[in-house]
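This is what each chain is made of:
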Number of protein chains: 2
Amino acid sequence: MKIGELATLTGVSVRSLRYYESQGLITPVRQANGYREYSPLAVETVETIKLYLNLGLSTEQISGFLHCVLRNKEAFCAEVMPLYESKLADIERQLLELNQIKHNLKERMASIMQEQGGKQIDNTSE
Amino acid sequence: MKIGELATLTGVSVRSLRYYESQGLITPVRQANGYREYSPLAVETVETIKLYLNLGLSTEQISGFLHCVLRNKEAFCAEVMPLYESKLADIERQLLELNQIKHNLKERMASIMQEQGGKQIDNTSE
DNA sequence: GTTGACCTTAACACTGGTGTCAGGGTTTAT
DNA sequence: ATAAACCCTGACACCAGTGTTAAGGTCAAC
């Protein structure tokens, strides 16, 4: 199938499909006219790429284990677990940072509300 | 004082001080030789900018109320509270997203551990 | 009068996946 | 044979603050 068809089937833009190729994630054959020709299996490949992108992995990281997970169960691919672990640590770090900012924001908001206490502003929020 | 001195006093790079100026956050006078000349009050201004940047506000947002909060209490500046509220909503949205990813990651990790539980971790791999 | 520390503006790089042009070739259907 | 609908590569824009470099002006000390 051609790139436009694959894009329609997967919901991924033509632009993104070309980008994935440039990152080594998917390699269609080329027809005589230069057009990319995708195997029907490419649909599953793209769906798999989407899955890992949604987990916050980069295309570079995905390229390290994609061909393995396409042929085996994840548990068989040794590269996956360490990536999940470091990604999880990354998420935890971001959560801490966001929660710290959230805490500071709420503190300042409370302080403002208190000073405005004389002015009686609504206050239905928590 | 000159820009290098202000940078030392505040811990903000010369590059960043110039950037803040380009964003309209601080406006030093110019000496005859073209050098920026900062008032001693600039130290407090920069510290205030740092504070709001650390709350996740952009320089553009800060520019909207900086001159007010430098002269009054935050509660007096009407622009602040709506910004805090929208920023808080933004943080909450990011927290939800990160927690969703974290949940998915942990689920997949658990699934892998389970599959590896059955067999040996051995595997001289492919 | 020269060295070195400081200042100036301007500009590119970075992060990374995606949108969007520009400029041009191919195919298909009418 | 021409128009519509595809395809191709290459490149800029985006977010937004900071690092870094280039090319050059100013000033103080020795």
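Refer to the preceding data block for the structure.
Quantities reported herein were computed from a predicted structural model and do not represent experimental measurements. (Residues numbered from 1 in each chain as written. Chains lettered and ligands numbered in written order. Predicted model: local features only at pLDDT ≥ 70, side-chain atom pairs only at ≥ 80, totals over all residues. Heavy atoms only, no water.)

### Side note on the pattern of salt bridges
Next up, step 1: Counted according to the given criterion, the structure contains 18 salt bridges over all chains.
Next up, step 2: Notably, a salt bridge pairs E115(B) with K73(A), separated by 3.8 Å at the nearest N-O pair. One end of the pair, E115(B), is in helix 6 (residues 80-118); the other, K73(A), is in the loop between helix 5 (66-69) and helix 6 (80-115), on a second chain.
Next up, step 3: Judged by its relative accessible area of 34%, E115(B) is partly exposed.
Next up, step 4: Where E21(B) meets R36(B), a salt bridge forms, and the shortest distance between an N and an O atom there is 2.6 Å. In this pair, E21(B) sits in helix 2 (residues 14-22) while R36(B) sits in strand 2 (residues 36-37), placing the two residues 15 residues apart along the sequence. (Salt bridge = Lys/Arg side-chain N within 4 Å of Asp/Glu carboxyl O. Helix = DSSP H or I, 4+ residues; strand = E, 2+ residues; numbered from the N terminus. Buried < 20%, exposed > 50% of the residue type's maximum accessible area, 1.4 Å probe, protein only.)

### Considerations on the relation of the copies chain A and chain B
Next up, step 1: Expressed as a screw transformation, the operator carrying chain A onto chain B has a rotation angle of 180 degrees and an axial translation of 0.0 Å, and the superposed copies differ by an RMSD of 0.1 Å. Between the two chains, the operation in question is that of a two-fold axis. Within chain A, L95(A) has its C-alpha nearest the rotation axis, a separation of 3.4 Å.
Next up, step 2: Comparing contact sets, 94% of the residues at the interface of chain A also lie at the interface in chain B, consistent with an isologous, same-surface contact. (Least-squares fit on C-alpha atoms with pLDDT ≥ 70 in both. Contact = heavy atoms within 4.5 Å.)

### A short note on the state of the cysteines
Residues and elements named next belong to chain A.
Next up, step 1: Counted according to the given criterion, the structure contains two disulfides over all chains.
Next up, step 2: The residue that forms a disulfide with C68 is C77, at a sulfur-sulfur distance of 2.0 Å. Because the torsion about its S-S bond is -95 degrees, the bridge between C68 and C77 counts as left-handed. As far as burial versus exposure is concerned, C68 and C77 are alike and both buried. (Disulfide = S-S within 2.5 Å.)

### Structural notes on the nonpolar core
Next up, step 1: Counting 70 residues, the largest nonpolar core has L17(A), Y84(A), L17(B) and Y84(B) as the members making the most contacts within it.
Next up, step 2: Those residues in contact with Y84(B) that lie beyond four places of it in its chain are L105(A), R108(A), M109(A), I112(A), Y52(B), L55(B), L57(B) and E74(B). (Core = buried A, V, L, I, M, F, W, Y, C linked by side-chain atoms within 4.5 Å.)

### Some remarks on the packing of aromatic side chains
Each aromatic ring pair is characterised by the separation of its centres together with the angle its planes make.
Residue and element names in this part refer to chain B.
Next up, step 1: For the structure shown, the criterion picks out four aromatic pairs over all chains.
Next up, step 2: Summarising the aromatic geometry, the rings of Y52 and F65 are spaced 4.8 Å apart at their centres and angled 80 degrees between planes, so their arrangement reads as edge-to-face. Of this pair, Y52 sits in helix 3 (residues 42-54) while F65 sits in the loop between helix 4 (59-63) and helix 5 (66-69), and the two are 13 residues apart along the sequence.
Next up, step 3: By relative accessible area, which is 2% here, Y52 ends up buried.
Next up, step 4: The buried category is assigned to F65, whose relative accessible area is 0%. (Phe/Tyr/Trp six-rings, centres within 6.5 Å; stacked < 30°, edge-to-face > 60°.)

### Concerning the environment of E47(B)
Residues and elements named next belong to chain B.
Next up, step 1: One can find E47 in helix 3.
Next up, step 2: For the pair E47 and L9, spaced 38 residues apart in the sequence, the C-alpha separation amounts to 9.9 Å.
Next up, step 3: Residues contacting E47, with those up to four places away along its chain left out, are L9 and T10.

### Re the protein's contact with DNA strand C
Next up, step 1: In the vicinity of DNA strand C, 18 residues are found, and the nearest of them are S13(A), Y19(A), T59(A), G4(B) and R36(B).
Next up, step 2: Of all atoms in DNA strand C that approach within 4 Å of the protein, 70% are sugar or phosphate atoms.
Next up, step 3: A distance of 2.8 Å separates a phosphate oxygen of DNA strand C from a polar side-chain atom of S13(A).
Next up, step 4: One of the side-chain nitrogen or oxygen atoms of N33(A) is found 3.1 Å away from a phosphate oxygen of DNA strand C.
Next up, step 5: Secondary-structure elements contributing two or more residues to the surface near DNA strand C are helix 2 (14-22) of chain A together with helix 1 (3-10) and helix 2 of chain B.
Next up, step 6: Ranked by residues supplied to the surface near DNA strand C, first place goes to helix 2 of chain A with four residues. (Near = heavy atom within 4 Å. Polar contact = N/O pair within 3.5 Å; in protein donor to acceptor, adjacent residues only side chain to side chain.)

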